[in-house]
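Working through the structure, step by step
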Amino acid sequence: MDILCGFSLSLCLSERLRAIKTNQDLLPTTPILQLLTDDFWGTPMIHSGSHKSYRPLCVLSFRLNYWLGGFDPWGYHFINVLLHSIVTILFTKLASQMFLGSRFPVIVAGLLFAAHPIHTEAVAGIVGRADVGACLFFLLSMFSYMKYCDLRVREHSKKRWFYLYGSLIMATCSMLSKEQGITVIGVLIIYDVFICHKLSKREILDIPFKKQYSSLREGLLHLLAAGAAIICLRFHLMGSKAPHFAPADNPAAANDSFWTRTLTFLYLPAFNFWLLIYPKWLSFDWSMEAIPLLTGLKDKRNFGTAAFYLSIGLLGYWLIKAYRKRCICGNGSFCFVGLSGESYLTKNGLYHNNSYAHKKGGDAGCPCVQIAARNNSHNHHNRGRRSGTNHSSHYIGYRMTVGNATPPSPIGNIEFEEVTDNPTPPTRVAFASAADTLAMSMTLLIFPFIPATNLFFYVGFVIAERVLYIPSMGFCILVALGIDNFYRRCGSSKVWKGIIYILVAAMLVAMSTRTVLRNHDWLDEEDLYRSGIDINPPKAYGNLANILSGRGNKDEAEWAYKKALSYRSNMADVRYNLGILLQEQGRYEEALYTYRIAIHFRPRLAVAHLNMGLVLVTLGRKEEAMQVYRHCASLDSAGLKDPNLHETTRVSALFNLGRLYADDGQYTMAITIYHEAVTIMPENYQAQSLYNMMGEAYFLLGNYEDAEKWYREALRVKPDHIPAHLTYAKLLSKWGRLVEAERWFLKAKFIAPNDSSVYQHYGQFLSECQRHNDAADMFVKAAEIASDEYEIVFNAANTLRQAGRNSEAEAYYQVAVKLRPNEVTSHMNLGAMFHVNGKLQEAESCYIDALKLRPDDQITQNNLIKLRKLLSQRRRIFEVRNQTKVKSHGHN
């Protein structure tokens, strides 16, 4: 029977188990629309215990993996690596646009993103697919919106709508892969306002009113409306309630001190940024006290916090100062001027130098307008003269040659390349300066990380490396920008450029090496948990113990469980898993005590109640077990993280309670309990065993009609459920429907040709039908499959004896004696078989062995007396024959 007797769940592995192995949404039998109402773990979003992680696209990809290869981990990891490769290519393309095609910083950014160790958890961990998938749609949304902005200015055609709505769809898909994907909306707003249109603070206030910003309003309204709609939908799907997390998941959130919460939450972003810079300390889990709380200003880590925010402030100040040094040309274009007089591309793709003084809105003082006009006039004249046609009504566009070279300072040195002869204006260059690239890198770094800051709502983790997957794009751009800045300042010095090349190569080699080493940790669960001992010892030891226990290293596993509890004694899951280990070793009293302690720390830990009941039954304390089962069935699941497991455990408690009543012959009470289990079982509960036991209880009450109904219900739920085949066949046999009964036995034999119980029950049926020879064949087959099971071998010997196949019966009785040398019945039957086969000396020896084990056994004593009488008669006959031969020989 399928009895829920215990779960040895790893505290970290529970995520993967819930997301993959125990997630009913992956199964083909689950309606695909249910993915839209369940969270990442398969729990309904409206349930109070739901994690509220709504990622249906990620779950859909898991479902595709399951359809292709079941739970084979290779396929899941292959998809993760493939997605990371695609994201890396797209990110490199984005970097190319941000650096205007300059190869060196693009290569640095792309390689750094591809090899950064912080990505290991997202790529090597199966559940990290949510982050990688969200990043993929995040980038696709950005590219689509950037194309929309380009078409909006150049053509203002209907084609732009395709890219605009495509961007919004990709943004929604990013959010449906993981929650932080919604932040792409904010990134696009920053891009459109400050990078594409290059507006100042004052001009932002004019966006709703001035006609010149109509195209910008078009994009912003769509972004804001889509963002609001997505957030409202997300909040609605959450049941309009925020998720609830255990204090151990986020200790700062549960702390009563305002200063402790504030200092800790301010420190965590700084620590995350430090992991991006120096990813030496990586862990599978950062919860509990992995990051000790900052309880006061005297904590030295506050200096790191101050340095982090000071750096951000300085970069922000640099950007504000840079954005102030812009002018508006007479043609409406913005000229972007640097902080130290260097030249930059303007909004229309022209270089501008800070040495030129010009007034806001003045055409005469703006060299951009003058140069554009001068070059336009010159080229119109030349093209008209060459072609012999008048092109005065056309607008000639020019594109700057932008490469690795530093833009020339003297504006007279600008070289133009003629692009086309059409009415469209020149192509706008969005990332016209280092300031634009810096602004976008900081936006990519900060905005996607905002949901993890506890700023708007508390999150269920302290540090999560996979959450940094999307923000790391901004970090990689920032690093590449800094390196490129140093590179350009080297000028023509080959020595300094060579040093930069060496340092960059060393950085990439170091990052790649760390990634390779970290991937080795993720190849094996034991190595993964051992690598986290220094950072989070209680969870690392607890999970390590689960792995060691599963591999049979019971002593080492017990040590690891106790080591985990020495760091944090109130971990109910660890105590529960330790109880499982003790129960498996037969140390029932210790297991019972451990379960009681686990329940003390977590009173609604249903699986601990269930296993405690099983231990009590083993110890013969059935009354106590019944009380525990009843209490377990009454536990509420509200607010629990895994309500599916909790509800399943409650049903299993009632199942076991019903069996206890059935074992005592109280079949009516057992049926009542079974019906109660049916009423509370969740939709995904595998009820075939429950239905089968219900049918068996009705069968034993003599109610064959209801018994047949529940047997068939068990077979409907699981058509290949062998126990239901066998019990239903036995019912039909008892009912006199022998032909139907044999048909169900044959079906069971076809489904499970290597199941010894099938041949055993079928053989018993054949024996009752007086088909002893066929029955003997079935029992012999069962004994061949389960040659080490005493009962099957002994029954095979008995059936062979009934079929008159005494020699074979003798052989199987001998095997039975070897399997259980202290079993009296084996010696008795083997002695009887020897007796029948005429092997009287061997029979006598078996009878004597049986009497040694049970001296007062009357049957054995009678058989031995009969045997000895027969031996005595044979001796007399032998002696008479010998005497006759002697006399005959003497007479001769």
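On a predicted model such as this, the values are computed, not experimentally measured, just so you know.

The next point concerns the packing of helix 8 (residues 184–196) against helix 10 (residues 214–237). Following both chains from N to C, one finds helix 8 and helix 10 inclined at 170°, their axes separated by 10 Å at the closest point. Relative to helix 10, the element helix 8 is oriented roughly antiparallel. For the pair helix 8 and helix 10, contact is made by Ile 185, Leu 188, Ile 189, Asp 192 and Val 193 and by Leu 216, Gly 219, Leu 220, Leu 223, Leu 224 and Gly 227, respectively. Classifying every residue of the contact of helix 8 with helix 10 gives eight nonpolar, two polar and one charged.

Before going further, it helps to examine helix 8. In this model helix 8 runs just 16 Å from its N-terminal to its C-terminal C-alpha over 13 residues, more than 12% under the 18 Å that 1.5 Å per residue would give. Along helix 8, the positions that sit buried rather than exposed are Val 184, Ile 185, Gly 186, Val 187, Leu 188, Ile 190, Tyr 191, Asp 192, Val 193, Ile 195 and Cys 196.

The tally for this structure, following the rule as stated, stands at three cavities of 30 Å³ or more. In terms of lining, the largest cavity is formed by Phe 265, Leu 268, Pro 269, Asn 272, Phe 449, Ala 452, Thr 453, Asn 454, Phe 461, Val 462, Ile 463 and Ala 464. When its residues are assigned to classes, the lining of the largest cavity shows nine nonpolar, three polar and no charged.

Here the UniProt feature "repeat: TPR" (unreviewed entry) sits at residues 572–605, 651–684, 688–721, 790–823 and 824–857. Structurally, residues 688–721 comprises 79% helix and 0% strand, and the distance from its first C-alpha atom to its last is 7 Å. As a span, residues 824–857 carries 79% helix and 0% strand, and end to end its C-alpha atoms are 9 Å apart.

With that settled, the discussion passes to the packing of helix 27 (residues 688–700) against helix 29 (residues 722–734). Axis separation between helix 27 and helix 29 bottoms out at 10 Å; the angle between their running directions is 20°. Looking at the two axes, helix 27 sits roughly parallel to helix 29. For the element pair helix 27 and helix 29, the recorded crossing hand is left-handed. Contacts from Asn 692, Glu 696 and Phe 699 in helix 27 reach Pro 723, Ala 724, Thr 727, Lys 730, Leu 731 and Lys 734 in helix 29. The residue makeup of the contact of helix 27 with helix 29, split by class, is four nonpolar, two polar and three charged.

Before going further, it helps to examine the packing of aromatic side chains. The full count for this structure, using the stated rule, is 34 aromatic pairs. Ring geometry for Tyr 541 and Trp 559: centres 5.7 Å apart, planes at 90°, overall edge-to-face. Linking Tyr 541 in helix 19 (residues 537–550) with Trp 559 in helix 20 (residues 554–567), this pair joins segments that are 18 residues apart in sequence. With relative accessibility at 10%, the residue Tyr 541 sits in the buried group. Given a relative accessible area of 47%, Trp 559 falls into the partly exposed group.

Positive phi is not limited to glycine here, since Met 288 has a value of about 55°. Of note, Met 288 is situated in the loop between helix 12 (258–277) and helix 13 (301–324). Looking at Met 288, the relative accessible area reads 5%, which means it is buried.

A few words on the side chain of Asp 38. With respect to the element layout, Asp 38 can be found in the loop between helix 1 (13–21) and helix 2 (56–69). Here Asp 38 sits buried without a salt bridge, and the closest side chain of opposite charge, Arg 63, lies 8.5 Å off (N-O distance). At 3.0 Å, the side chain of Asp 38 and the side chain of Gln 34 are in polar contact. The residues contacting Asp 38, other than those within four sequence positions of it, are Asp 25, Thr 43, Pro 44, Met 45 and Tyr 54.

Under the defined criterion, the tally for this structure stands at 40 salt bridges. Its salt-bridge partner being Glu 218, residue Arg 160 comes within 2.9 Å of it at the nearest N-O pair. Of this pair, Arg 160 sits in helix 7 (residues 159–177) while Glu 218 is found in helix 10, placing the two residues 58 residues apart along the sequence. For the residue pair Arg 160 and Glu 218, the accessibility class agrees, reading buried in each case. Close ionic contact of Arg 234 with Glu 179 constitutes a salt bridge, the shortest N to O distance being 3.1 Å. In this pair, Arg 234 sits in helix 10 while Glu 179 sits in the loop between helix 7 and helix 8, placing the two residues 55 residues apart along the sequence. In terms of burial, Arg 234 and Glu 179 fall into one category: buried. Through salt bridges that share partners, Asp 524, Glu 526, Arg 530, Arg 551 and Glu 556 make up one connected network.

Tallied over the full model, the rule gives zero disulfides. Unpaired in this structure, Cys 149 has its nearest cysteine sulfur neighbour in Cys 196, at a distance of 4.4 Å. What makes Cys 149 buried here is its relative accessible area of 2%.

A few words on the environment of Val 87. Secondary-structure assignment places Val 87 in helix 3 (residues 73–98). Overall, the relative accessible area of 0% leaves Val 87 in the buried class. For the pair Val 87 and Phe 138, spaced 51 residues apart in sequence, the C-alpha separation works out to 9.6 Å. Ignoring anything within four residues of it in the chain, the contact list for Val 87 reads Phe 113, Val 132, Cys 135, Leu 136, Leu 139 and Tyr 469.

Below, the discussion takes up a nonpolar patch on the surface. Together, Ile 32, Leu 33, Leu 36 and Leu 60 line one region of the surface with nonpolar side chains, adding up to about 380 Å² of accessible area. Within the secondary structure layout, Ile 32 lies in the loop between helix 1 and helix 2.

Glancing now at the nonpolar core. Ranked by size, the top nonpolar core spans 124 residues in total, and within it Tyr 576, Tyr 595, Tyr 629, Tyr 674 and Tyr 812 carry the most contacts. Aside from chain neighbours lying at most four places away, what touches Tyr 595 is Tyr 576, Gly 579, Ile 580, Gln 583, Ala 608, Asn 611, Met 612 and Val 615. With 98 residues, the next largest nonpolar core counts Phe 138, Cys 149, Ile 195 and Leu 508 among its residues.

What follows deals with helix 26 (residues 667–680). The α-helix winds at 3.6 residues per turn, so residues separated by three or four positions along the chain end up facing the same way. Relative to the 20 Å expected for 14 residues at 1.5 Å per residue, helix 26 spans 20 Å between its end C-alpha atoms, a close match to the ideal helical length. In this structure, the buried side of helix 26 is in contact with helix 24 (622–633), helix 25 (643–663) and helix 27.

Right, let's talk about the environment of Glu 696 for a bit. If you trace the backbone, Glu 696 turns up in helix 27. Its relative accessible area of 26% is what places Glu 696 among the partly exposed residues. Along the primary structure Glu 696 and Leu 731 are separated by 35 residues, whereas in three dimensions their C-alpha atoms are 8.7 Å apart.

As a further point, take the confidence of the model for the protein chain. Mean pLDDT over the protein chain works out to 82, with 83% of the residues at or above the 70 mark. Contacts for the low-pLDDT stretch residues 1–14, under 50 throughout, to residues beyond four places or in other chains number 52 contacts. Low confidence marks residues 327–428, where pLDDT is under 50. Its contacts with residues over four positions away, or in another chain, come to 189 contacts.

Calculation notes
Residues numbered from 1 in each chain as written. Predicted model: local features only at pLDDT ≥ 70, side-chain atom pairs only at ≥ 80, totals over all residues. Heavy atoms only, no water. Axes fitted to C-alpha atoms, helices over the stretch in contact; angles between N-to-C directions. Helix = DSSP H or I, 4+ residues; strand = E, 2+ residues; numbered from the N terminus. Parallel < 35°, antiparallel > 145°, perpendicular 65-115°, else oblique. Contact = heavy atoms within 4.5 Å. Nonpolar A, V, L, I, M, F, W, Y, C, P; charged D, E, K, R; others polar. Expected span 1.5 Å × (residues − 1). Buried < 20%, exposed > 50% of the residue type's maximum accessible area, 1.4 Å probe, protein only. 1 Å grid on protein atoms, 1.4 Å probe; cavity = no way out; pocket = protein on both sides within 12 Å on 5 of 7 lines; lining within 4 Å. Points joined across faces, edges and corners; volume = space filled by probe spheres on them. UniProt positions renumbered as here; feature names shortened; annotations may be inferred. Left-handed = near helix turned anticlockwise from the far one by under 90°. Phe/Tyr/Trp six-rings, centres within 6.5 Å; stacked < 30°, edge-to-face > 60°. Lys, Arg positive; Asp, Glu negative; His and termini not counted. Salt bridge = Lys/Arg side-chain N within 4 Å of Asp/Glu carboxyl O. Polar contact = N/O pair within 3.5 Å; in protein donor to acceptor, adjacent residues only side chain to side chain. Disulfide = S-S within 2.5 Å. Patch = residues over 30% accessible without salt bridge, like charges linked within 9 Å, V, L, I, M, F, W, Y side chains within 5 Å. Areas by Shrake-Rupley, 256 points an atom, 1.4 Å probe, with all protein chains shown as cover. Core = buried A, V, L, I, M, F, W, Y, C linked by side-chain atoms within 4.5 Å. pLDDT = per-residue confidence, 0-100.

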